[in-house]
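Overview (structure and organization)
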Amino acid sequence: MTRRKLLFLVPILPAACARPAKDPLPETVDGVWRLTASEAETNIPEVIRGLGCKQARRTTYEGPQRITVSVFEMTTSAGAFEVLQKWRVERRAVPFQKDRFFVLVTGANDLVLANFAGALDKAMRTGD
């Protein structure tokens, strides 16, 4: 490749590396639940902050009941798994880990949450 062509490519390379992370959450879950709202999660528990949270988001899914999903992107899959191991059990809350994400599903009865969490786990896109 000539020097002139190389100089042309140099400005393009940083832009290609600066792509935003892909959104792991689907617009719909199990054909019943629809994502209706999304905002930055500002209430990040210490256990999550201490294990390397890169970003956090709270979303709302509407369906037979309203469900809130808090997604915490950790720096590593091991960090997300450790959060899951340290998380204390709560009523009306279902935690799970998917790749580098720790996910907390809340807002409905336990059976609905468990079914939703299972469907969301299958529907999440975590590959880069």
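Look up a bit, the structure's there.
Description of the structure in this document. A quick note: this is a predicted structure, and the numbers were derived from the prediction, not measured. Along each chain, residue indices are assigned from 1 in the same order as the chain's sequence is written. Residue-level local features of this predicted model are given only where pLDDT is at least 70; pairs of side-chain atoms are given and counted only at 80 or more, and the full residue set underlies all totals for whole chains, interfaces and linings. Hydrogens and water molecules were not included; the side-chain quantities draw on all heavy atoms of the structure.

Right, let's talk about the pairing of strand E2 (residues 33-40) for a bit. Every other side chain in a regular strand lies on the same face of the sheet, so the side chains alternate between the two faces. Relative to E2, strand E1 (residues 28-29) is paired through two bridges, and the arrangement is antiparallel. Paired with Thr28 across the bridge in E2 is Arg34. Note on pairing: two strands pair once DSSP finds at least 2 bridges between them. Under the scheme used here, helices are H or I runs from DSSP no shorter than 4 residues and strands are E runs no shorter than 2 residues, and both carry numbers assigned from the N terminus. As consecutive antiparallel partners, E1 and E2 are separated by three residues, and within that stretch Asp30 has a phi angle of approximately 60°, a positive value.

With that settled, the discussion passes to the sheet that holds E1. Paired through backbone hydrogen bonds, the strands of a sheet run either parallel or antiparallel to each other. Taken in spatial order, the six strands line up as E1-E2-E3-E4-E6-E5 in an open sheet, and their pairing is antiparallel. Two strands in the sheet have a free side with no partner beyond their single neighbour: E1 and strand E5 (93-98). Alignment of E2 against strand E3 (residues 53-62), held across six bridges, turns out to be antiparallel. Within E3, the position partnered with Arg34 by the bridge is Glu62. Along the sheet, helix H4 (residues 77-86) makes contact with strand E4 (67-74), E5 and strand E6 (101-106), crossing E5 at roughly 155°. Contact criterion: two residues are considered in contact whenever any of their non-hydrogen atoms come within 4.5 Å of each other. With axes taken as lines fitted to C-alpha atoms, and helix axes fitted only over the stretch in contact, angles between N-to-C directions fall between 0 and 180 degrees. Along the sheet face, helix H5 (residues 110-123) touches E1, E2, E3, E4, E5 and E6 and points at about 15° away from the line of E5.

Right, let's get into the nonpolar core. Tyr61, Ile67, Val69, Val103, Val105, Phe116 and Leu120 are the most contacted members of the largest nonpolar core, which totals 20 residues. With five residues, the top contributor of residues to this core is H5. When sequence neighbours within four positions are dropped, the list of residues in contact with Val105 reads Ile67, Thr68, Val69, Arg92, Ala93, Val94, Phe96, Leu113, Phe116, Ala117 and Leu120. Ile44, Ala56, Phe72 and Trp87 belong to the second largest nonpolar core, which has 11 residues in total. By convention a nonpolar core is built from buried Ala, Val, Leu, Ile, Met, Phe, Trp, Tyr and Cys residues, the set being connected through side-chain atoms within 4.5 Å. Here the term buried applies to any residue with accessible area under 20% of the maximum for its type, exposed to any over 50%, and partly exposed to those in between, with areas from a 1.4 Å probe on protein chains only.

This next bit is on the pattern of salt bridges. For salt bridges, the criterion is a side-chain nitrogen of Lys or Arg within 4 Å of an Asp or Glu carboxyl oxygen. Within this structure, the stated rule accounts for 11 salt bridges. Notably, a salt bridge pairs Asp23 with Arg57, separated by 3.1 Å at the nearest N-O pair. Highlighted residues: Asp23 in the loop between helix H2 (12-17) and E1 and Arg57 in strand E3, separated in sequence by 34 residues. Here Glu46 ties to Arg49 by a salt bridge, and the two come within 2.8 Å at their closest N and O atoms. Here the residue Glu46 and the residue Arg49 both occupy positions in helix H3 (residues 46-50), the gap between them amounting to three residues, near one helical turn. Among the residues examined, Arg49 registers a relative accessible area of 48% and is labelled partly exposed. If you follow the salt bridges from partner to partner, you end up with Lys54, Glu73, Asp99 and Arg100 in one network.

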